[in-house]
2 protein chains.
Amino acid sequence: MTHRLDPLFNPKGVVVAGASTHPGKFGFVTLHNLLAGGFEGPVFATNRDGADVLGRPTLRSVAEVPEGEADLVVVCTPKGSVPEVLTQAADRGVRAAFLTTAGYGEAGDAGRAEQAELVALAERLGLVIAGPNGQGVISTPAKLCAQIVAPNPPPGSIGVVSQSGNLVSAFLNHSVRSGVGVSRAVSAGNAAMLEPIDYLEYFADDPATSVGLCYLEGVGDGRAFYERLRQVTRRMPVVIVKGGATGAGAKAAASHTGSMASDDRIIDGVLAQAGAVRAIGVEAAFDAAATLASQPPASGGNVVVVTTVGGWGVVAADAIARSRHLRLDPLPGDLVAAIDHLLPPRWSRNNPIDMAGGETRDTVPEVLRLVASHPATDAVLFLGLGIQSNQAALMRSGGFYPDFGLERIVDYHERQDDRYGRAAAEVSEATGKPILCATELAVTHSNNAAPAAVAATGRYCAASAERAVAALDASLSGWAGTEVRQ
Amino acid sequence: MTHRLDPLFNPKGVVVAGASTHPGKFGFVTLHNLLAGGFEGPVFATNRDGADVLGRPTLRSVAEVPEGEADLVVVCTPKGSVPEVLTQAADRGVRAAFLTTAGYGEAGDAGRAEQAELVALAERLGLVIAGPNGQGVISTPAKLCAQIVAPNPPPGSIGVVSQSGNLVSAFLNHSVRSGVGVSRAVSAGNAAMLEPIDYLEYFADDPATSVGLCYLEGVGDGRAFYERLRQVTRRMPVVIVKGGATGAGAKAAASHTGSMASDDRIIDGVLAQAGAVRAIGVEAAFDAAATLASQPPASGGNVVVVTTVGGWGVVAADAIARSRHLRLDPLPGDLVAAIDHLLPPRWSRNNPIDMAGGETRDTVPEVLRLVASHPATDAVLFLGLGIQSNQAALMRSGGFYPDFGLERIVDYHERQDDRYGRAAAEVSEATGKPILCATELAVTHSNNAAPAAVAATGRYCAASAERAVAALDASLSGWAGTEVRQ
């Protein structure tokens, strides 16, 4: 049995209705991104004048699409022609439409009436419609990039749905940067027929998706939303940013998508009871989702911090102390004794484990293995990666390279950091426990060998110890954000 | 009159004591970074064996340095020879020493005793000593990069002092990424003789420095620290991250720098009353410092949000509602009327100002000018830059470029975003009000035309609306971090 959203995320063929020859128009960009993304099924484009677009012939109308060859239409035509496009598309066997066209529910009473007519028409035609006023849809298993905007993210298992197209883009930009990829991403636009919860339900049953990431403005029927979300979170973790959670935000949201404001306290309770992770902030949301997508779950709150540098250990300890569900237990005696064999006597003998210069390509994997395999450890936070490779970068550009032994030491530093980044993933896989890595180099110098190695293993490298702690805490507490004492 | 720290930050000549031929040793790296950084005064290096280092002749001891030609020595020798190095250096006219050597106050009772002897020796010799156990010192006006680590930041006006060397590096990495530069940066190490407050006092009188950025673990005499900090913040804003602010963090700090823990609540009160900005988190601290360094101060809390996209406007409104001192007043009627002449009727007519596709190279500068010059506006937050250039990047790599009009549209998009980024700085300069820009592209695709243009104007482009709001709030409230309801 196919799901009604399958034609949206796994179409056999796609029609771009309203393809334009002007590279600034949505109809051009959508076709461009679809072709650039490498979608492998048939692609049809319509143009009122029958002009070639991107060197491809077009059809004059959707009525000319060969029957049964396309099941998704991406509508980029003006509002007046949308009903005709949908009617013709349904007639040719299309089962899903993505509507980029604006001027509906977000544009006052007249627009709301037209939006209701659109939904009624789609129901009569047996079509599902995403949008209107949306940016498009991504489905990496189908190599589908049907968007009026960039970027096209790497494949992965995060399912994104958002009531703001630009926040889809923000999540996808973080995906591109970090390498932690996306399965499906959809801009729900005005959510006329399909609301965020409809997409989340699809993601929960989707073998390609392991975690949902959602920007939500309005929820319609709050009770129904709660019941459905509760079912979803039993099958898949879901991270939610609620926009319009404050009075000022709700006023802005009403103007944005036409969503009616929901009371923030009710939403807070609903999300917590429904088992979702509530994120305060777009970056915190992506941090949490990317961590959930790339790490095994922690079975408890005891974090052991392993660091090559003292300062980040202190900062991490503070962040853990401020978290909701994480703690920093003293190191068990047998673990101290075992690590004593690996590190010089000046190591901290304490949690955080400050390796104090005793880290090598041999000791780091072994310390991580000892720590992660100890039954008292629920999660590991590994800090201080990439420092040597950062110096290596300065050596490459400093005017003396490759002489005076610099080529050799640069290579050595980069291999070490590569080894550290890979060891974190290997030990995590072997022990089944999360081992999070964090360094600002992930965002300031993302080609540094350490974050690059973490990304190569498919794991998320957080931009700071505090953000890694918040992401880990989110998986246990249902709350993602940098929380502070009042 | 010269300040006693002048030889540290503005040396006429530098000695690297303990230069090594091995490119993995601190003594090699320090000399490398000093030469790579382009320090223009005389540089001397000592090597016990008299071996050439980096192709330069060395001296066998500091005693051979020509009298009066160097006033700073960077000590990379083993602990045992440090007293001799200092004695010889003072004899040759050196007035300041940076000590990378470890094994002092951070290494137990014996180390603490040796550290006290070191300070007593330095006082007898009339030397100021930075460190020990520090990573080095940066002074961009002097082109001085005397560090055992990277990076060498761009010139600017942030003065960094940290009791963790790695957090100096973290701040400098954010400086490199953002282009918002640094005047001085010093790793205080164990702060044996010079504590963070000593450096902050120097920065406050330093014409090259406009804001202090400090990672603090211990403060010694709390009362004296408070009185001195209060004097500093009257002359210069100071952003402080306090490490060891929690029980777990304090325990880690004791192991890290040997600092005794201070009570967090006392520190909280001390920092607030002393007029410093307390930051929770390393990124929040840099955000605040970089904003203070690159924007005029806001004279009140009314923020007008100008956005090309609705979702970020909603998120920004929520963040402003959650801030301590910022607010989102309704737009004054005369401002609405004036903007009506510039934007299509679908604009939000509300704060946030959602331009809803009405933005052009002409309207964006003009809307920013109208908003910023209105007496009711204290600060502007400009969101949604770079989206078109992000699509342009996909067009460059999509396989159709430069044909089909793609070269022209890519160029157009990039010029538009460049114009938007520059307009923000120009209007801010003309009106004297802060205009903050924020987009995740600043960290995910920093060569995007929008964040690149913001960086080219010397302004800070925050990575998210929430972080820009937090940074702006910090300048009014003394608190930097993403704060949330409990």
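Residues numbered from 1 in each chain as written. Chains lettered and ligands numbered in written order. Predicted model: local features only at pLDDT ≥ 70, side-chain atom pairs only at ≥ 80, totals over all residues. Heavy atoms only, no water.

1. Re the interface of chain B and chain A
Let me state the cut-off plainly: A contact between two residues is defined here by any heavy atoms of the two lying within 4.5 Å. Buried area is understood as the total, over both parts, of accessible area removed when two parts are fitted together, assessed with a 1.4 Å probe. Any Lys or Arg side-chain nitrogen located within 4 Å of an Asp or Glu carboxyl oxygen qualifies as a salt bridge. N or O atoms closer than or at 3.5 Å make up a polar contact, with two conditions inside protein: a donor-capable atom paired with an acceptor-capable one, and, for residues adjacent in sequence, both atoms drawn from side chains.
On the chain A side, the residues contacting the 88 residues of chain B number 88 residues. Summing both sides of the interface, chain B and chain A together bury roughly 7100 Å²; the carbon and sulfur share of this comes to 62%. Run the count over chain B and chain A and you get 2 salt bridges. When the shortest N-O distance is used, the salt bridge between Glu283 of chain B and Arg467 of chain A registers 3.1 Å. The interface formed by chain B and chain A includes 20 residue pairs in polar contact (both at pLDDT 80 or more).

2. Notes on the sheet that holds strand 13 (residues 303-307) of chain B
Residues and elements named next belong to chain B. Applicable threshold: By this definition, two strands are paired if DSSP reports at least two bridges between them. Runs of H or I in DSSP of at least four residues are treated as helices and runs of E of at least two as strands, each being numbered from the N terminus. For helices, the fitted axis covers only the stretch in contact; all axes are lines through C-alpha atoms, and the angles between them, taken along N-to-C directions, range from 0 to 180 degrees.
Read across the sheet, 5 strands follow the order 14-13-15-16-17 without closing on themselves; strand pairing throughout is parallel. Two strands bound the open sheet, and with one partner strand each, they are strand 14 (353-354) and strand 17 (461-462). Inspection of the sheet shows strand 16 (residues 435-438) paired to strand 17 by 2 bridges, in the parallel sense. Within strand 17, the position partnered with Cys437 by the bridge is Cys461. Helix-sheet contacts for helix 15 (residues 406-431) involve strand 15 (379-383) and strand 16, and the interaxial angle to strand 16 is about 160°.

3. Remarks on the domain arrangement of chain A
Spelled out, the test is: An automatic or database domain assignment supplies the start and end points of every domain.
As assigned here, chain A comprises domain 1 (1-137), domain 2 (153-294) and domain 3 (295-477). On a C-alpha basis, the centres of domain 1 of chain A and domain 3 of chain A stand 48 Å from each other.

4. Some remarks on the pattern of salt bridges
Two side chains with opposite charge may pair up if their charged atoms get near one another. This structure, assessed with the given rule, holds 44 salt bridges over all chains. One network of salt bridges, with partners in common, ties together Glu283, Asp287 and Arg467 of chain A together with Glu283, Asp287 and Arg467 of chain B.

5. Overview of helix 2 (residues 26-36) of chain A
Put simply, the rule is: Buried means the residue's accessible area, taken with a 1.4 Å probe over protein chains only, is under 20% of the maximum for its type, while exposed means over 50%, and partly exposed covers the values in between.
Counting buried positions over the 11 residues of helix 2 of chain A gives 9, a clear majority of the element. Residues of helix 2 of chain A that are buried in the fold lie against strand 1 (14-17), strand 2 (43-46), strand 3 (72-75) and strand 7 (144-147) of chain A together with helix 14 (387-397) and helix 15 of chain B. Two residues or fewer after helix 2 of chain A comes Gly38 of chain A, characterised by a positive phi angle close to 85°.

6. What to know about the sheet that holds strand 4 (residues 96-99) of chain A
All names here are of chain A. Spatially, 2-1-3-4-5 is the arrangement adopted by the 5 strands of the open sheet, whose pairing is parallel. If you trace the sheet from one side to the other, it starts and ends with strand 2 and strand 5 (128-130), each paired once. Averaged over all neighbouring strand pairs, the angle between strand axes comes to 20°, with direction disregarded. Bridge count for strand 3 against strand 4 is 4 bridges, and the pairing is parallel. Looking at strand 4, one finds that Val75 is bridged to Leu99. Of the strands in this sheet, strand 1, strand 3, strand 4 and strand 5 are in contact with helix 3 (residues 82-91), which crosses strand 3 at around 170°.

7. Some words on the UniProt feature "domain: CoA-binding" (unreviewed entry) in chain A
Quick reminder of the rule: UniProt positions are given in the numbering used here, feature names are shortened, and annotations may be inferred rather than shown by experiment.
Sequence positions flagged by UniProt for "domain: CoA-binding" (unreviewed entry) are, in local numbering, residues 8-104 of chain A. Segment residues 8-104 of chain A splits into 24% helix and 16% strand. End C-alpha atoms: 21 Å apart.

8. Side note on the relation of the copies chain B and chain A
Just so we agree on the cut-off: All copies are superposed by least squares; the fitting set is the C-alpha atoms of residues with a pLDDT of at least 70 in both.
Superposition record for chain B on chain A: RMSD 0.0 Å, screw rotation 180°, translation along axis 0.0 Å. Interpreted geometrically, this transformation is the action of a two-fold axis.

9. Some details on the packing of helix 11 (residues 310-322) of chain A against helix 5 (residues 165-178) of chain B
Our working definition: Small angles under 35 degrees read as roughly parallel and large ones over 145 as roughly antiparallel, with 65 to 115 read as roughly perpendicular and the rest as oblique.
In the contact formed by helix 11 of chain A and helix 5 of chain B, the axes pass within 6 Å of each other and the chain directions differ by 85°. Compared by their axis directions, helix 11 of chain A and helix 5 of chain B come out roughly perpendicular. Residue-level inspection shows Gly311, Trp312 and Val315 of chain A of helix 11 of chain A in contact with helix 5 of chain B, the latter providing Asn166, Leu167 and Ala170 of chain B.

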